[in-house]
Amino acid sequence: MALNHTSKYSELTEEHFSLIGKVVVEWSNVEFILGSILSRLLFTPEFPGRVFSSGMGAMKIQRAIDEAVELHKLRYRTEIVSEEKLAEITSINKKLNKLRKTRNQFAHFCWARSNDDEIFGVGFSSATAGSKREGKDFVTLKVNELRDFYSQLYEVVDDLSKVLESLPEMEEDRISTKLTK
C-alpha cells in the first residue's frame, strides 16, 4: 500500500500537494528551456532542436550545453555569445546539478506526511546494509524547505528564460535556401 494511503494522518495536505506540483511544473519548465538553449547554442531552429532533444533528460541536455559552451569558447572565440553569457550558462548548469538530487527524490520517492509541517519520502530501492545506496533512500522536508526549493527552481526558470532571450535564434523560415548558399 502507498505510504500516504495507510491512514488519514499520513495523507499529504493540500499545501504539500500544491508545493510538490509547483516543483514538478518548474522542473518541466527547466527541461523545456534547456532544450531551447541547446538549440540556439548549436544554431539549430528551435523546432528541429526540440525534436532532437525531446528524448534527452535534463542531465544529458546539460552535458550537451556544457559542450556547446566549450564550442563557443574554442571554435567561435566568444564572438557570437559573449564570455560573460557563457559563464552565466555554466553557472546556472552548476546550480541545476545541485538541485537535481532533490528533484529526483520528488520524482522517484513515495511521500507521506509526518505532520502538517513535514513530509517524508522513501525510495524503496531495497538498499542493503553497507551498500552505496544505504541512507540515501529516506528524506524529510519541512514545508518551508519545500517553499524554498520551489523558489529556487522558479528563479532558475527566470534566469534560463533571460539567457534564452539573449541568444541568437536561427529562424526556420527558408532554411533550405540558407543551407544551399
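Rules of the game
- Residues numbered from 1 in each chain as written.
- Predicted model: local features only at pLDDT ≥ 70, side-chain atom pairs only at ≥ 80, totals over all residues.
- Heavy atoms only, no water.
- Buried < 20%, exposed > 50% of the residue type's maximum accessible area, 1.4 Å probe, protein only.
- Helix = DSSP H or I, 4+ residues; strand = E, 2+ residues; numbered from the N terminus.
- Pairing = 2+ DSSP bridges.
- pLDDT = per-residue confidence, 0-100.
- Expected span 1.5 Å × (residues − 1).
- Bend = angle between axes of the 7 residues up to and from the residue.
- Contact = heavy atoms within 4.5 Å.
- Core = buried A, V, L, I, M, F, W, Y, C linked by side-chain atoms within 4.5 Å.

Novice: So what exactly am I meant to see when it comes to the pairing of strand β2 (residues 118-122) here?
Specialist: Walk down a regular strand and you will see the side chains alternate between the two sheet faces. Burial runs high along β2: five of the five residues are buried. Pairing analysis gives five bridges linking strand β1 (residues 110-115) to β2, with the strands arranged antiparallel. Its bridge partner lying in β2, Trp 111 is registered against Gly 121. What sits between the antiparallel neighbours β1 and β2 is a turn of two residues. Pairing of β2 with strand β3 (residues 138-142), which is carried by five bridges, proceeds in the antiparallel orientation. Bridge assignment links Ile 119 to a residue of β3, and that residue is Leu 141.

Novice: Would you mind going over the confidence of the model for the protein with me for this structure?
Specialist: Caution applies to low-pLDDT regions: their predicted coordinates should not be interpreted in detail. On average, residues of the protein score 90 in pLDDT, and 90% of them are at 70 or above. Looking at the elements of the protein, mean pLDDT is at its lowest for helix α6 (residues 175-180), recorded as 72, and at its highest for helix α5 (residues 143-166), recorded as 98.

Novice: Looking at this structure, I do not really get helix α4 (residues 83-108). What am I missing?
Specialist: Given 3.6 residues per helical turn, the α-helix brings residues three or four places apart onto the same face. The end-to-end C-alpha separation of α4 is 37 Å, in line with the 38 Å expected for 26 residues at 1.5 Å each. Of all the bends in α4, the largest measures some 40° and sits at Leu 99. Considered for burial, the residues of α4 that qualify are Leu 86, Ile 89, Ile 92, Asn 93, Leu 96, Leu 99, Arg 100, Gln 105 and Phe 106. Against α1 (14-41), α3 (58-74), β1, β3 and α5 lie the buried residues of α4.

Novice: It is not clear to me how the nonpolar core should be interpreted in this structure. Could you clarify?
Specialist: When a protein is soluble and globular, its nonpolar side chains tend to lie buried together. Counting residues in each nonpolar core, the largest one holds 41 residues, and the members touching the most others are Ile 37, Leu 41, Ile 65 and Leu 160. For this core, the elements supplying multiple residues, two or more each, are α1, α3, α4, β3 and α5. Ignoring any residue separated from it by four or fewer positions in sequence, one finds Ile 65 in contact with Leu 34, Ile 37, Leu 38, Leu 41, Ile 89 and Asn 93.

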